[in-house]
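# Fold and geometry: a report
Here is what each chain is made of, one letter per residue.
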Amino acid sequence: MKMSKNTHRWIGLQNSIFYVLFIAVVVLLGFVGQRFYWQADWTQGSRNSLSTPTQTLLKGLDKPLKFIAYIPDDPALQLQLNKLVTKYQRVKADTTMEFVNPDLDPARAKQDGIQYAGQLAIHLGERSEVVESTAEQTILHALQRMSRGGERLVVFLEGHGERQPLASESTGMSKLVETLQRHGFQIQPHNLVRTQAIPQNASFAVIAAPQQDWLPGEVAVLKQYLEQGGNLLWLQDPGGLHGLEALEALLGLQIHDGTVIDANEALQALLGINHPAVIPVVDYGKSPIVQKLGNVQTLFPFATMVARDSQASEKSGALVWKVDEFLNTLPTSWLETSGILEGNVVFDEASNDQPGPLPIGVSLVRELESKSDAVTERSRSEQRVVVIGDSDFMLNSFVGHGANLDLATQVFNWLSSDDKLLDVPVMRASDTQLDLSETAGYVIGLFFLLVLPVGLIASGTWIWWRRRKR
């Protein structure tokens, strides 16, 4: 091809147009890259993004969310906090961030309850709370407490050998209480002999497996509380009702005398259970309490059968309830009435043993006239009661097994009428825990404590011998 001046000019023009377009594309890409971006979190459990519980809660909030960081003027720290808040803004668009220097604006800091620099004030509508950490779990708990509209008072009735909610021993409930307090519950032991009444501002009362008989006057106070629409959680262990038969009749239930057994050895080996009276539950009813539990198991040690009384409607004094048997044992279980729980336990129909599946937990709902509670600033149109034939699943020694903590938290949320929090699952990071079998633990320990050191010594000796021989 012959190159003329004309051809050189056209080639120069084409090159100029190319460079102009190339520069324009680079500038546009830079502009688009600043205005728009796309992120992907490839970690298992998406630990670099907001967890599912936080996202679920944020989507359910109908009020604007505002973070106010009381920190000195530090551009690097402000940049980090802005990146943190961006994760919340992607889920909830009306989330904002503000920086205030507490040394320059002490009145503002005092108004928000700030005690020293470095604290973070979280505002949700008209409510606010101060936290000292930007950890997602800390912020999630603060949002849960604020979304309730205030603390929920729960009274644990005592004086009859009940489980102690504040005790740190294995038979206490301190681990559960710590979780509940972070979620906005206030737990208070309460003796009816001292006050002769249940506090009106209590969200609900708890009967936690009494071991001694109730006084008739105490039962009368409890009946009056239920008849007036009070919510109740009743945990009943095997061994008798201890004077609460009138409460059983009022609720239209039948709490059996016996212990639920499941002697399936293959199931026990699979779940790591070494006693037939520790019952797994994987079948749940339609109650909102268990709708978000998913395909998980809960464990109930030494439970008894709790079911609706088919003849309750014929008995005078019984209230009209909508009952759901929401905790059901496996078909291999049965109600053992002989009291023999050790050794080779077998089902015996002649001894009035009842075959499974058996209900061990029921929820009851009764419609009420809508009334406004000036103390709690809420209105309630229904009464809620939960009766579970076991208290051990909430104890320190068992609350961490399976989904026991999830179930207990859901029960408390439902009884306090915080239905929107039932959709918020417990925060979990599936890739931060390593579960090993006993055999795998032995193999790893043997390798690092014996095989690896001996191998290193042997290889070093061999290298030394080869060099010496050479």
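These notes cover the structure that comes with them. Note that the structure is a prediction, hence the values are computed from the model and not measured.

Okay, the overall build of the protein next. Looking only at helices and strands, one finds 12 helices and 19 strands in the protein. Expressed as a percentage of the 470 residues in the protein, the buried residues total 43%. Relative to all contacts within the protein whose residues are 6 or more apart in sequence, the contacts with residues 24 or more apart total 71%. Only carbon and sulfur atoms are counted for the fraction: they give 54% of the accessible area of the protein, which is about 26,400 Å². The average position of the 40 basic charges and that of the 51 acidic charges among the side chains of the protein differ by 18 Å.

Turning our eyes to something else, we now look at the nonpolar core. Of all hydrophobic cores here, the largest spans 73 residues; its most connected members are Leu222, Leu233, Trp234, Leu251, Val387, Leu407 and Phe412. Every residue in contact with tryptophan 234, bar those within four places of it in the chain, is listed here: Ile207, Leu241, Leu244, Leu247, Glu248, Leu251, Ile255, Val386, Val387 and Ile388.

Moving on: the sheet that holds strand β3 (residues 120-124). Within the open sheet, the four strands sit side by side as β2-β1-β3-β4. Their pairing is mixed. Pairing within the sheet leaves two strands with one partner each, and these edge strands are β2 (95-100) and β4 (127-131). With direction set aside, neighbouring strand axes in the sheet form an average angle of 20 degrees. Of the strand pairs in this sheet, β3 and β4 are connected by five bridges, and their pairing is antiparallel. Each residue of the ladder has a partner; that of leucine 120, found in β4, is valine 131. Across the sheet, helix α3 (residues 75-91) is in contact with β1 (65-70) and β2; its angle to β2 comes to roughly 160 degrees.

An α-helix turns once every 3.6 residues. As a result, residues three or four positions apart point the same way. Relative to the 46 Å expected for 32 residues at 1.5 Å per residue, helix α12 (residues 438-469) spans 45 Å between its end C-alpha atoms, a close match to the ideal helical length. Of all the bends in α12, the greatest measures close to 40 degrees and is centred on phenylalanine 447.

How each quantity is defined
- Residues numbered from 1 in each chain as written.
- Predicted model: local features only at pLDDT ≥ 70, side-chain atom pairs only at ≥ 80, totals over all residues.
- Heavy atoms only, no water.
- Helix = DSSP H or I, 4+ residues; strand = E, 2+ residues; numbered from the N terminus.
- Buried < 20%, exposed > 50% of the residue type's maximum accessible area, 1.4 Å probe, protein only.
- Contact = heavy atoms within 4.5 Å.
- Areas by Shrake-Rupley, 256 points an atom, 1.4 Å probe, with all protein chains shown as cover.
- Lys, Arg positive; Asp, Glu negative; His and termini not counted.
- Charge placed at Lys NZ, Arg CZ, Asp CG, Glu CD.
- Core = buried A, V, L, I, M, F, W, Y, C linked by side-chain atoms within 4.5 Å.
- Pairing = 2+ DSSP bridges.
- Axes fitted to C-alpha atoms, helices over the stretch in contact; angles between N-to-C directions.
- Expected span 1.5 Å × (residues − 1).
- Bend = angle between axes of the 7 residues up to and from the residue.

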